[in-house]
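Next come the chains, spelled out residue by residue.
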Amino acid sequence: MPPHEQPPKQSAVEIDHVSYTYPATGFDTDSTHAIDDVNFSIEQSTKLGILGPNGGGKSTLIKLILGILQPTNGSVRVFGQTPAQARQQGLIGYLPQRIEADLDWPISVHQVVALGRACRIKPWKKLSADDNAAIDRAIQLVDLQDLAAKPIGALSGGQLQRVMIARAIAGNPKLLVLDEPTVGVDIAGQQRFGNLIDTLHKELDLTVILVSHDMRAIAATADRVACLSRSLHFHDTPDGLTPAVLAQVFAHDVAGVFGDIHIDAHLAEGCDDPDHAHQHQHDYGCTDNSGGGES
Amino acid sequence: MNDLAPAILAALVISIMGGALSVFVVLKRLAFIGQGISHAAFGGVGIALVLGVHGATTMGTIGQLSIVVAFSIAAALWIAALSRSHQGRIDTAIGVVLSASMALGFVLFTLAESKHDHDDHGHAAHGHEDQHHLIEDILFGNILATDWTKAAIASTVAAVILFVTWFNRRRFIFWAFDQPVTDAYGQSSKRTTNTFLVLLALAVVMAMQIAGVVLAAAMLVLPGAAALNLSSKLRPVFIYSILIGTTGAALGMTIGINAGYPAGPAIVLTQSIVYLITLITKTLAPKLRS
């Protein structure tokens, strides 16, 4: 971050002129420019929604905040540290876009939630009383205490997502990162999800980053919004999202805005324009799956 | 019977180790990787043979094992790297490594054989016979020929593998259950994959002593697969798997020794039958209860 005086409240996340370019592979010569000169900071205890079309660089931004990718240019700080350091201290909780875990596993809800904390426990030690208390509290906050002993395969899709949220908060993070959490969920479901995140936000004093291409999902959960379509700027304007701004974000590579959201359903429909989203995917070739490190 | 004591000890420790690792192998769907590694080890045996390192002495045994282990670990890590660069298409990676190593192994065996022929002229026929025995032992195992040196090595390696697995149990469970998120939780999935594959390569080479190149991987799959038919709780699955592994080994050894069958295949066959029984139990149990 630029060397100016310490802000009164420490920033949760500082993204300082960050660009990321996916390297070319094999004989391909085109590298993929995923995000370009993104510059903003997130105050603690904010619930920030980042809205953008598919291929607009949302997942790349998440990977940069989590420290899975290193920026090509610029720097990312999470609570004043590198993302890797913050992650090591369990400051970041993460809810993946899709649940790719193997649901045939012989593992209980309690054991899955414990995994969110396990990486912080010394290998030769058992779970301490503190660990167990944190795990139980996480399970209680997502209202799954009755199912804690059940095998993971016995749960419904919605319950499973709550397990994964509990796993994300079991390590007492200060930042919760949610990647497209309500894809394919109806409006009532999005509202319930928003309420749950709101509860966690209050109970645990969390900073929340929610990334989505769906305006309704953002509206249900976030109290501030930024728009990302390859590049993003934070303008501290009180204006809400106007149709004109949204049209720009989803049709062009444009600066974003944030402010208090007041969106009506009509606007939300316009925001989620599949044609434009598709076009962007072509333009930048950066899908939500790119850069995965599976083997 | 005392002659068989080292063989029995080796079979026991290797099957305990196989039982523990096989749960991860099955849950992480690495059964085919085990096959890839064991066939790759064949190339390693070929290299040791051409270099003139063989198991006639203690140092020779250690030297040969070291070469085979190094080759298997390299193959395992190469499979992991290939599958990363092919976007997780691990079957392609294994297909490449498995066939290349087998081909290399056979070429080197022939090379070693022609060297052998050259060395002692009049005994060519005898050399061929040795060679055939050797290849058969490598392909299908010859546990009954285990001496105390081999048993001691197997016990040490198995103990190390079990300790490292226990030490990394949470990391391995998280990785095997939900690898795509482990990086976000501060655990490098690449590092975890490589750690596990090194253990697996070591385990496969140890299991080769019992069951040879062709059947070694089975000992790292069958107990876990059978145990997963019996329970949907993590701890019992591990316990059942180790019990099934050791019971299968003990029964297979007994049958092999008394009936004169080769012990390795007898052990694998016994574990396969146990697997079938658990599969039937799993299918029938709910019906019987209702």
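Remember, it's a predicted structure, so these values are computed and weren't measured experimentally.

Here is what the cut-offs are and how they apply
Residues numbered from 1 in each chain as written. Chains lettered and ligands numbered in written order. Predicted model: local features only at pLDDT ≥ 70, side-chain atom pairs only at ≥ 80, totals over all residues. Helix = DSSP H or I, 4+ residues; strand = E, 2+ residues; numbered from the N terminus. Buried ≥ 20, exposed ≤ 12 C-beta atoms within 10 Å, placed from the backbone. Contact = placed C-beta atoms within 7 Å. Rg over C-alpha atoms; globule rule 2.2 N^0.38 Å. Pairing = 2+ DSSP bridges. Nonpolar A, V, L, I, M, F, W, Y, C, P; charged D, E, K, R; others polar. Core = buried A, V, L, I, M, F, W, Y, C linked by C-beta atoms within 7 Å. Domains from an automatic or database assignment. Axes fitted to C-alpha atoms, helices over the stretch in contact; angles between N-to-C directions. Parallel < 35°, antiparallel > 145°, perpendicular 65-115°, else oblique. Left-handed = near helix turned anticlockwise from the far one by under 90°. Expected span 1.5 Å × (residues − 1). pLDDT = per-residue confidence, 0-100.

A. Region of interest: the overall build of chain A. Of regular secondary structure, chain A possesses 10 helices and eight strands. Out of the 295 residues belonging to chain A, those deemed buried represent 44%. Sequence-distant contacts, at least 24 apart, represent 72% of the contacts inside chain A between residues at least 6 apart.

B. Representation of the overall build of chain B within the structure. From N to C terminus, chain B includes 11 helices and zero strands. Traced from its N-terminal end to its C-terminal end, chain B shows the element sequence α-α-α-α-α-α-α-α-α-α-α. Against the compact-globule benchmark of 19 Å for 290 residues, chain B has a radius of gyration of 20 Å, which places it among compact chains. By principal-axis analysis of the C-alpha atoms, chain B measures approximately 70 × 50 × 30 Å. Residues classed as buried in chain B amount to 49% of the 290 residues present. In chain B, of all internal contacts separated by at least 6 residues, the share reaching a separation of at least 24 is 74%.

C. Quick look at the pairing of strand E3 (residues 47-51) of chain A. All names here are of chain A. By the criterion of burial, E3 is predominantly enclosed, with five of the five residues buried. Pairing of E3 with strand E7 (residues 207-212), which is carried by five bridges, proceeds in the parallel orientation. By the bridge assignment for E7, Leu 51 is matched with Ser 212.

D. Expanded view of the interface of chain B and chain A. Contact residues are listed per partner, giving 29 residues for chain B and 24 residues for chain A. Listing elements by their share of the side of chain B that touches chain A, those giving two or more residues are helix H3 (58-85), helix H7 (169-182), helix H8 (189-219) and helix H10 (234-259) of chain B. At eight residues, H7 of chain B tops the list of elements feeding residues into the side of chain B that touches chain A. Residues of the side of chain B that touches chain A, tallied by class, amount to 13 nonpolar, 10 polar and six charged.

E. Structural context of the nonpolar core. Counting residues in each nonpolar core, the largest one holds 168 residues, and the members touching the most others are Ala 41, Leu 200, Ala 203, Val 204 and Ala 207 of chain B. The dominant element in this core, judged by the number of residues it contributes, is H8 of chain B, at 20 residues. Each of two domains, domain 1 (1-91 + 173-259 + 275-295) and domain 2 (98-172) of chain A, supplies a minimum of three residues to this core. Aside from chain neighbours lying at most four places away, what touches Ala 41 of chain B is Val 68, Phe 71, Ser 72, Val 204, Val 205, Met 208 and Val 213 of chain B.

F. Molecular detail of the sheet that holds strand E1 (residues 11-22) of chain A. Residues and elements named next belong to chain A. One open sheet accounts for three strands, arranged E2-E1-E4; its pairing is antiparallel. Each edge of the open sheet carries a strand with a single partner, namely strand E2 (32-43) and strand E4 (73-78). Between one strand and the next, the sheet's axes are offset by a mean angle of 20°, whatever the strand orientation. The pairing of E1 with E4 spans five bridges and is classified as antiparallel. By the bridge assignment for E4, Glu 14 is matched with Arg 77.

G. View of the packing of helix H6 (residues 148-167) of chain B against H8 of chain B. Residue and element names in this part refer to chain B. Two elements in contact, H6 and H8, have axes separated by 10 Å at closest approach and are oriented at 150°. By the angle between their directions, the pair H6 and H8 is classed as roughly antiparallel. Remark: the crossing between H6 and H8 carries left-handed chirality. Each of Lys 150, Ala 154, Val 157, Ala 158, Ile 161, Val 164 and Thr 165 in H6 lies in contact with H8, whose residues at this interface are Leu 199, Leu 202, Ala 203, Met 206 and Gln 209. Each residue belonging to the contact of H6 with H8 can be placed in one class, and the counts come to nine nonpolar, two polar and one charged.

H. Structural detail: helix H6 (residues 187-204) of chain A. In this model, H6 of chain A (18 residues) spans 25 Å end to end at C-alpha, consistent with the 26 Å of a helix rising 1.5 Å per residue. Next to the buried residues of H6 of chain A lie helix H4 (129-141), helix H5 (157-169), E7 and helix H7 (215-221) of chain A.

I. Up close: the sheet that holds E7 of chain A. Residue and element names in this part refer to chain A. The parallel open sheet is built from five strands, whose spatial order is E5-E6-E7-E3-E8. Two strands bound the open sheet, and with one partner strand each, they are strand E5 (92-95) and strand E8 (224-227). Going across the sheet, the axis of each strand differs from the next one's by a mean of 20°, ignoring polarity. Strands in contact with H5 are E5 and strand E6 (175-179); relative to E5, the strand with the most contacts, it is inclined by about 165°.

J. Representation of the domain arrangement of chain A. Residues and elements named next belong to chain A. Entries for chain A in the domain assignment read domain 1 (1-91 + 173-259 + 275-295) and domain 2 (98-172). Across the boundary between the two partners, domain 1 contributes eight residues, which contact seven residues of domain 2. A total of five residues in the side of domain 1 that touches domain 2 trace back to one element, the largest contributor, which is H6. In terms of residue class, the side of domain 1 that touches domain 2 is built from five nonpolar, two polar and one charged.

K. The arrangement of the environment of Thr 165 of chain B in detail. Residues and elements named next belong to chain B. Residue position: Thr 165 is located in helix H6. A residue is classified by how many C-beta atoms lie within 10 Å of it, and Thr 165, with 20 of them, is buried. Separated by 141 residues in sequence, Thr 165 and Phe 24 have C-alpha atoms that sit 9.9 Å apart. The contact partners of Thr 165, leaving out residues within four places of it in the chain, are Ala 20, Leu 21, Phe 172 and Leu 199.

L. Layout of the confidence of the model for chain B. All names here are of chain B. On average, chain B scores 87 in pLDDT, and the residues at 70 or more come to 92%. Segment residues 121-125: pLDDT under 50, and one contact once partners within four positions in sequence are set aside and those in other chains are kept. Complex prediction metrics read pTM 0.83 and ipTM 0.84.

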